[in-house]
Amino acid sequence: MVSENPFAEFRLECENVLGEAIKKVFPEFYIPRLTLERPPSLEFGQLASSMCFELVKQVGETPLVLAERLIKALDKSKFSLIERVAAAGEGYINFHVDFAKFSALTLESARQLDAEYGFVKTQEPLKIIVEHTSVNPLHPIHIGQARNPMLGDAIARILKSRGYTVFRHYYIDDVGRQTAVIAYGYEKLGKPKTEGKPDHFIGKIYTITSCLVEINRLKRELELAKAVSATEEITKINRELDDWVSVAFELKEKFPELFEELLEKIRENEDPENMVNKLNRAYEAGEEKAKQFIREVSELCLQGFRETLSRAEVFYDSWDWESDFVWSNRVTEILQRLKTTPYVLTLGGILEFDAEKVVKKLNLKEKLGLREDYEVTPLTLVRADGTTLYTTRDIAYTLWKFERAEKVVNVIGMEQVLAQLQLKIALHALGYSKYADNLIHFAYNLVTLPGYKMSSRRGRYITLDEVMDEAVKRAYEEVAKRSPQLSGKEKQKIANFVGIGAVRYALTEVDPSKPVVFTWDRVLNFEKNSAPYIQYSHARACSILRKAARKPEKPAYDLLKEKLEREILLALASFPDIFVEAAELLKPNLIADFANALADKFNTFYNALPVIKAEPQELSDARLALVDAVRIVLRNTLNLIGIVAPERM
RNA sequence: GGGCGGGUAGCCUAGCACGGAUAGGGCGCAAGCCUCCUAAGCUUGCGGUCGUGGGUUCAAAUCCCACCCCGCCCGCCA
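Residues numbered from 1 in each chain as written. Chains lettered and ligands numbered in written order. Predicted model: local features only at pLDDT ≥ 70, side-chain atom pairs only at ≥ 80, totals over all residues. Heavy atoms only, no water.

This next bit is on the side chain of aspartate 174. Mapped onto the elements of the fold, aspartate 174 is located in the loop between strand S5 (165-172) and helix H6 (177-188). With relative accessibility at 0%, the residue aspartate 174 sits in the buried group. At 3.4 Å, the side chain of aspartate 174 forms a polar contact with the backbone nitrogen of glutamate 322. With residues up to four places along the chain from it excluded, the contact list for aspartate 174 reads Thr179, Tyr283, Ile294, Arg295, Ser298, Trp321, Glu322 and Ser323. (Helix = DSSP H or I, 4+ residues; strand = E, 2+ residues; numbered from the N terminus. Buried < 20%, exposed > 50% of the residue type's maximum accessible area, 1.4 Å probe, protein only. Polar contact = N/O pair within 3.5 Å; in protein donor to acceptor, adjacent residues only side chain to side chain. Contact = heavy atoms within 4.5 Å.)

Now the structure itself:
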C-alpha cells in the first residue's frame, strides 16, 4: 500500500472513530471541532485529544472519566492504523499507532514515490508568478539583499512541487535617477573596458559617481543658502556635506585610480546633478543615446548577477525591464484609466492618488487588515515634470503579471509594506479586486551588519560573492583536513556545494519576519543546524546503502521497535504535512527546520544502532529500508531549498 | 505622533496562525566516545522571570488589554 501522506491516514482514522464515539455517547452535545494534537512524547501516543477538558463544562464528570467512556465507545473494528487508545494524564485521549503497519506504509510510500514523496499536490493548480530578487542594477548583490533570492527561490521550488505552474520573474528597475548616475559616470570615463566581475566594476563607478554628484549638489546648495544667509539651512547642509566628504575619503582610499579619474572628469562639468536628471528624463522618454548607455550599464550589472545567482542555484524564467513598461505606453494607459476614477486629483502640478478614499468607498479596511482609524497615505503618481514614480509603474507591471498568472507573490522587503498596500488599493480602484486579492506581498525583515545598516550608496556592504567565496574557501580547508586522500578537483567540488549550501541554509533557516544581524559565523557554520550537517547525513545514508550492496528483500517492519527508529518513522510520515504547511503559509524555514531535525534523529540512530550488521537479516532489511527513506526525504527537503544533496562528502 | 514587524538562557534560534502533558534545538563552556555502516558525528553535564504588568481559561510562550525596548515605514526616492 502506498499513501502520499501516511500520517494524514492515521489522523483521519483517529478523527473518524472519535467523531463516531462522541455522537454515540453524547448525541445531545455540540462539539465545535475535533482537532487532534501531537503529544509531547512517544509514550503518550502519536495523536491526542484534549476535548474532554472542554466537555466537562457540558457534562458533569471529570475529564478522565469522560475520556474513558469515550474510549470504551470506540468502534474497534474500524481500527486499521490505530493499535490502541488510552486515557492518560488528567483526561487526554491518546491514540497509539500500530507501528508494524504504519512503518510498512510509510517506508513503502517514501521509497515508491521517491522523488515525489511528500509533495502533496494542490487541488487548485494555478499559475503563479514569484517575483524575487529584483536588485537594482547598480552594484553587486550584497548580503542584505541576498536573503531575497534565497527565500524567493525556495518559495518558487516549494510552490512548483505543490503542483502550481510557477514562473520566476526578475524585475529590472532601470528607470530612475540611480541608473542615470552610473550611465553618467560611465560616459565620463569614455565607456571603459570592464575590469573584473562586471557588477563589481559598475558598483565602483556608481558609488564614486554618486558621491561626487552629491557633493557637487550640496556645495551648490550651500552657496545658495549662504547668499540668503539661511543659518539653519547652512548647518544642515554642512553636516550632510561632511558626511559625504568622509565617504569620498573612504572611496579614494579603496579605489584610488578610478576615484581620481572620475573626480577629474566630473569637475570639468558645470552641473553634474542637472546632467544626471537630464539623462534620466531622456531615458524615460526613450531617447536613443540614453537608452544605449543605460541599457549597457544595466546589462553589465545583470551579467554579474546571473553569474552570482547561478552559483547559488538560483535561476529565473523572465527578466522584466521596468523601462519597457514606460516605453510601451502601458504606464500612460494605466494613468489614463486611473484619471477616470474618482480617486485621482491634480494637486499643484502633480497627480495624486487618494488611497484612503478608495478604502472608505469600497469598504476595504477590514479586508486589508487595517485598523478602523488608520488612514492610508496618498500616493503621488506623476511628478510636476511629468515623469512617473516607482509605484505608478509597478501598477502597470502588476497588471501585466496578472495577464500571465492567477496569483502573484512579490518577495520584497518589509520596508515596502506601505507601497505594496497602495499598489493593492490601486488595483481595487481600477476594478481589479480579484487581482488585489491574489497579490501577495511576501515581506521579510532586514539584514544588517553589526552596528550599522548596509548602504549601497555609500559602498558599505559585504557582497554575496565574497560571502560565497569565503564559505567555499573555508569548506575547502575542512575537506582537505577530513579527506586528504581526495583529488584537488574532488575537494573543490565538495567545497563548492558545502560552502554555498551553508550560505543558502543560513539565509533560509531564520523566520523571514525576524531581523538578522549578519555575522560570519552565521554563514560559516558547518556543524549542527547547517546545510553541511544535513548534506553529511544524506551522504552517510548513501554510504550505508552503498556498503550494504543489496536491496532490502525481506524487511520485517514490525522489528523496528526502538524509540529512535519510531521517531524517525514519525518524522518521515509527517513530512507531507510539513510540506503542505510550508507551501500554504509560504514558510521555507519550516523545511529547513524539518530537514535539520530529521538529520539529527538519523545521526543519533546511526551511532546507536547497526544497520548492515543487524541481526536477523529481516531487521537489517527493515533498517536498510528506513535508511533509504531517510535518504529520500533528506534529498527532497534539500532540493526544496536549493541545496545539493551529495552522495559523498 | 501614527502604522507595521520583532523581543524566548552569555549569544543565536524553534514553538505562537489553530491555547493542552516536562518550553525543543544550536553556538559557547565542562567531561567522555573512532580495532564497529563517513567523528562535518554521538553521549553526559551546566545554563530559562518565554520583554513588563494585568485579564480570559480547567489549562497561556501561544488569546485579549495596557505599557517598555529595538528595527522599519509614513518622499514630486526606489
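After presenting the structure, the write-up continues.
Moving on: the sheet that holds strand S1 (residues 47-49). Read from one edge of the open sheet, three strands run S1-S3-S2, paired in antiparallel fashion. Because the sheet does not close on itself, it has two edges, and the strands there are S1 and strand S2 (82-88). Geometrically, the sheet is characterised by an average inter-axis angle of 20 degrees between neighbouring strands, direction not taken into account. Direction of pairing for S1 relative to strand S3 (residues 92-97): antiparallel, over a ladder of three bridges. In the sheet register, alanine 48 faces S3, and the bridge partner there is asparagine 94. Helix-sheet contacts for helix H1 (residues 6-25) involve S1, S2 and S3, and the interaxial angle to S3 is about 135 degrees. (Pairing = 2+ DSSP bridges. Axes fitted to C-alpha atoms, helices over the stretch in contact; angles between N-to-C directions.)

Glancing now at the domain arrangement of chain A. When the domains of chain A are assigned, the result is domain 1 (6-97), domain 2 (127-173 + 321-447), domain 3 (177-313) and domain 4 (464-640). Centre-to-centre, using C-alpha coordinates, domain 2 lies 28 Å away from domain 3. Every contact between the two is made by 24 residues of domain 2 and, on the other side, 22 residues of domain 3. At the boundary of domain 2 with domain 3, total buried surface from both sides reaches about 1,900 Å², with 68% on carbon and sulfur atoms. Of all residues in domain 2, Leu138, Trp321 and Trp327 bury the most surface against domain 3, accounting for 36% of the area lost on that side. For the pair domain 2 and domain 3, the interface holds one salt bridge. Between aspartate 324 and arginine 295 there is a salt bridge, with the nearest N and O atoms lying 3.1 Å from each other. The interface formed by domain 2 and domain 3 includes six residue pairs in polar contact (both at pLDDT 80 or more). Listed by contribution, the elements that provide at least two residues to the side of domain 2 that touches domain 3 are helix H5 (147-161), S5 and helix H12 (322-327). (Domains from an automatic or database assignment. Buried area = accessible area lost by both parts, 1.4 Å probe. Salt bridge = Lys/Arg side-chain N within 4 Å of Asp/Glu carboxyl O.)

The next subject is the packing of helix H19 (residues 488-509) against helix H21 (residues 531-548). With their axes 7 Å apart at the nearest point, H19 and H21 run at an angle of 125 degrees to one another. In terms of orientation, H19 lies oblique with respect to H21. Counting all contacts with H19, which are made through Phe497, Val498, Gly501, Ala502 and Tyr505, the residues of H21 involved are Ala531, Pro532, Ile534 and Gln535. When its residues are assigned to classes, the contact of H19 with H21 shows seven nonpolar, two polar and no charged. (Parallel < 35°, antiparallel > 145°, perpendicular 65-115°, else oblique. Nonpolar A, V, L, I, M, F, W, Y, C, P; charged D, E, K, R; others polar.)

Turning our attention to the packing of H21 against helix H24 (residues 617-640). The geometry of H21 relative to H24 is characterised by a closest axis approach of 9 Å and an angle of 145 degrees between their N-to-C directions. Pair H21 / H24 crosses with left-handed handedness. For the pair H21 and H24, contact is made by Ile534, Gln535, Ser537, His538, Ala541, Cys542, Ile544, Leu545 and Ala548 and by Leu624, Val627, Asp628, Arg631, Leu634, Arg635 and Leu638, respectively. Across the contact of H21 with H24, the residue classes tally to ten nonpolar, three polar and three charged. (Left-handed = near helix turned anticlockwise from the far one by under 90°.)

The immediate surroundings of RNA strand B are formed by 70 residues, with Asp173, Arg482, Tyr536, Ser543 and Leu609 found nearest. Of what RNA strand B places within 4 Å of the protein, 62% of the atoms are sugar or phosphate. A distance of 3.0 Å separates a phosphate oxygen of RNA strand B from a polar atom in the side chain of lysine 528. One nitrogen or oxygen atom from the main chain of isoleucine 612 is found 3.2 Å from a base oxygen belonging to RNA strand B. Those elements that place two or more of their residues in the surface near RNA strand B are helix H2 (51-55), S3, helix H15 (390-402), helix H18 (464-482), H19, H21 and helix H23 (588-608). For the surface near RNA strand B, a count of residues per class yields 32 nonpolar, 15 polar and 23 charged. (Near = heavy atom within 4 Å.)

Enumeration over the complete set of coordinates arrives at 44 salt bridges. Note that arginine 311 and aspartate 469 form a salt bridge whose closest N and O atoms lie 3.0 Å from each other. Note that arginine 311 is positioned in helix H11 (residues 288-311) and aspartate 469 in helix H18, a separation of 158 residues in sequence. What makes arginine 311 partly exposed here is its relative accessible area of 29%. Several salt bridges share partner residues, and in doing so they unite Glu20, Asp75 and Lys78 into one network.

The strand order S7-S8-S9 describes an open sheet built from three strands, whose pairing is antiparallel. Only two strands of the sheet have a single neighbouring strand rather than two, namely strand S7 (344-347) and strand S9 (379-382). Ignoring strand direction, the axes of neighbouring strands in this sheet form an average angle of 40 degrees. Bridging between S7 and strand S8 (residues 350-353) involves four bridges; their strand directions are antiparallel.

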